[in-house]
Amino acid sequence: MEKVKIVLKSGKDQSIRRYHPWIYSGAIKKIYGTPAEGDIVEVFDNKGSFLAVGHYQPGSIAVRILSFIEVNPDIGFFRERIEKAIKYRKSLGLTENTQTNVYRLVHAEGDDLPGLIIDFYNGVAVMQMHSVGMYNLRMEFTAILQELLAERLIAVYDKSEGTIPYMSGISARNEFLYGNSGPVIVTENNFRFKIDWVTGQKTGFYIDQRENRRLVMEYTAGKNVLNMFGYTGAFSVYAMKNASLVHTVDSSSSATELANENIRLNYGDDPRHESYQADAFEFLGNIKNKYDLIILDPPAFAKHNNVLSNALQGYKRLNMKAIEQINQGGIIFTFSCSQVVTKENFRKSVFAAAANTGRKVRIVHQVVQPPDHPVNIYHPESEYLKGLVIYVE
Ligand code: SAH
């Protein structure tokens, strides 16, 4: 079948020549043909030179690029990309690790597979597609995983119902595409967590905080810890290793129940831990002299650029409350997982928060997402998770 051709406006080829994998609809001069959502399209510059091949998607990001050389992205093409993604995790020591059996296997643009996320939970692969092009290939991906992971694979679950854009004619369902499994217990740095991809947020777990949770543990000995936006209580489980007291707060009651369950799984009934269902801003209004270490890991405040300034205000307000009230010599782990909030913008928000309180603040660490969520150097947007560890005098 003849592929649809897309020609870009003059000058709009620049970012593509620097391997940025997205083409915005505004860069397009003309589309030759009528591509359906998810079709493979070829992209050319204004003078007719080939630039890239990718998946078409009506919307702001019109093409997600699969290759900058003229290839046919067939099943062999995707097999090779997934194989490379697995090889990379192997080189990180994640695929045969006795202490950790939960990790991200495919990280979209970071693994040259824009629109595709695959998380691995001790044998269960949970896929989440963000483009129709990738969604249409879900059975092929399942077969590829079966072949490449062999007996290490128990089941493949597709959780794309809420992530496929522009559902024209597509009603994605969350379902098993291979095998079957109820919730599993995974280990992360030897701590145990119950993962339920059906009821859980994202694919079931915030795998991206693994290294930062480990870092938290280095600062919690003998401390009173507040884990704000706790969800599964994962930060709390690490903190409980050596803290005097740990409080987990989340606005959702299913989250606080899950946090309690994960604490029990690791420590039994331990009176050092308590969960509270509460709104962050209200809870933080009344914590003077209570905590020595506070974790702030809120949901993305900005999903789009047009709400960026509100989001930055939100981070400022949140951090101000914590900086104002934390005990002397306290430590705050503060994060942003908004893709549109840059590291610099986030740091400015925390700076503005600190300046408003007048307290002396040192930056102890600047942290990021772990290596199984790699950043494509040509796609700065893939560096979505950023955090600061600050010491408040
Ligand atoms: N720290 C967690 C992930 C947090 S996800 C981990 O390591 O796994 C963000 C959480 O914030 C969600 O569980 C959500 O229920 C909660 N949340 C969202 N808005 C909130 C608010 N205003 N107050 C308290 N919790 C909130």
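Definitions and cut-offs
Here the residue index of a chain counts from 1 through its sequence in written order. Where totals are concerned, whole chains, interfaces and linings use all residues; where local detail is concerned, this predicted model gives features only for residues with pLDDT of at least 70, and gives and counts side-chain atom pairs only at 80 or more. Heavy atoms throughout the structure, all of them, feed into the side-chain values; hydrogens and water do not. For the purposes of this entry, the term helix denotes a DSSP run of H or I that reaches at least four residues, the term strand denotes a run of E that reaches at least two, and both are numbered from the N terminus. Between the first and last residue of a helix there are one fewer steps than residues, each counted as 1.5 Å, and that sum is the expected span. Three labels apply to residues, based on accessible area from a 1.4 Å probe with only protein chains included: buried if under 20% of the type maximum, exposed if over 50%, partly exposed otherwise in between. The reported arc concerns the directions from the helix axis to the C-beta atoms and nothing else. The working definition used for a salt bridge is a side-chain nitrogen of Lys or Arg within 4 Å of a carboxyl oxygen of Asp or Glu. Think of it this way: one heavy atom of a residue within 4 Å of a molecule or strand is enough to make that residue near it. Any N or O atom pair separated by 3.5 Å or less is treated as a polar contact, with the protein-specific requirement of one donor-capable and one acceptor-capable atom, and with residues adjacent in sequence counted only for side-chain atom pairs. We get accessible surface area from the Shrake-Rupley algorithm with a probe of 1.4 Å; when it comes to residues, only the shown protein chains can shield them. Under this grouping Gly is polar, as are all residues other than the nonpolar Ala, Val, Leu, Ile, Met, Phe, Trp, Tyr, Cys and Pro and the charged Asp, Glu, Lys and Arg. Residue ranges for the domains trace back to a domain assignment, done automatically or taken from a database. The contact definition used throughout considers only heavy atoms, calling two residues in contact when any of these lie within 4.5 Å. Two parts placed together each lose some accessible area under a 1.4 Å probe, and the buried area is that loss summed for both.

Here we look at unusual backbone geometry
Right, on to step 1. Of note, the phi angle at Asn122 is positive, near 45 degrees, even though the residue is not glycine.
Right, on to step 2. With respect to the secondary-structure elements, Asn122 resides in the loop between strand E8 (116-121) and strand E9 (124-129).

Regarding helix H4 (residues 138-149)
Right, on to step 1. The terminal C-alpha atoms of H4, which comprises 12 residues, lie 16 Å apart, in line with the 16 Å expected from a rise of 1.5 Å per residue.
Right, on to step 2. What H4 keeps buried is the set Phe141, Thr142, Ile144, Leu145, Leu148 and Leu149. Along the axis of H4, the buried residues cluster in a sector spanning 165 degrees; they form a single face.
Right, on to step 3. Just past H4, the residue Ala150 takes up positive phi, approximately 45 degrees.

Thoughts on the pattern of salt bridges
Right, on to step 1. All told, the structure shown has 17 salt bridges when counted by the stated rule.
Right, on to step 2. Here Asp45 ties to Arg17 by a salt bridge, and the two come within 2.6 Å at their closest N and O atoms. Residue Asp45 is found in the loop between strand E4 (40-44) and strand E5 (50-56), and its partner Arg17 is found in helix H1 (residues 14-17); the two are separated by 28 residues along the sequence.
Right, on to step 3. On the accessibility criterion, Arg17 (42% relative accessible area) is partly exposed.
Right, on to step 4. Each member of the salt-bridge network shares a partner with another, and the members are Arg210, Glu211, Arg214 and Asp372.

Considerations on the site of the ligand
Right, on to step 1. Taken together, 16 residues lie near the ligand, and Gln201, Asp250, Asp279, Ala280 and Asp297 sit nearest.
Right, on to step 2. Between the ligand and Asp279, the relevant distance is 2.8 Å, taken from a nitrogen atom to a side-chain nitrogen or oxygen of the residue.
Right, on to step 3. With the chains in place, 88% of the 590 Å² that the ligand exposes on its own is no longer accessible.
Right, on to step 4. Of the residues in the shell around the ligand, the class split is 7 nonpolar, 5 polar and 4 charged.

With respect to the side chain of Asn376
Right, on to step 1. Position of Asn376 among the secondary structure elements: in the loop between strand E19 (361-368) and strand E20 (386-392).
Right, on to step 2. Look at Asn376 and you get buried, because its relative accessible area is 10%.
Right, on to step 3. There is a polar contact of 3.2 Å between the side chain of Asn376 and the backbone oxygen of Glu109.
Right, on to step 4. Polar contacts involving the side chain of Asn376 include one to the main-chain amide nitrogen of Tyr378, which spans 2.9 Å.

Some points on the domain arrangement of the protein chain
Right, on to step 1. Per the domain assignment, the segments making up the protein chain are domain 1 (4-67), domain 2 (75-186) and domain 3 (206-392).
Right, on to step 2. Domain 1 and domain 3 are separated by 39 Å when their C-alpha centres are compared.
Right, on to step 3. The partner domain 3 presents 6 residues to the 6 residues of domain 1 that form the contact.
Right, on to step 4. When the two sides are added together, the surface that domain 1 and domain 3 hide from each other amounts to roughly 440 Å², 60% of it contributed by carbon and sulfur.
Right, on to step 5. Per-residue buried area on domain 1 facing domain 3 is highest for Tyr19, His20 and Trp22; these three make up 73% of the total on that side.
Right, on to step 6. Our count for the contact surface shared by domain 1 and domain 3 stands at 0 salt bridges.
Right, on to step 7. Here the residues of the side of domain 1 that touches domain 3 sort into 4 nonpolar, 1 polar and 1 charged.

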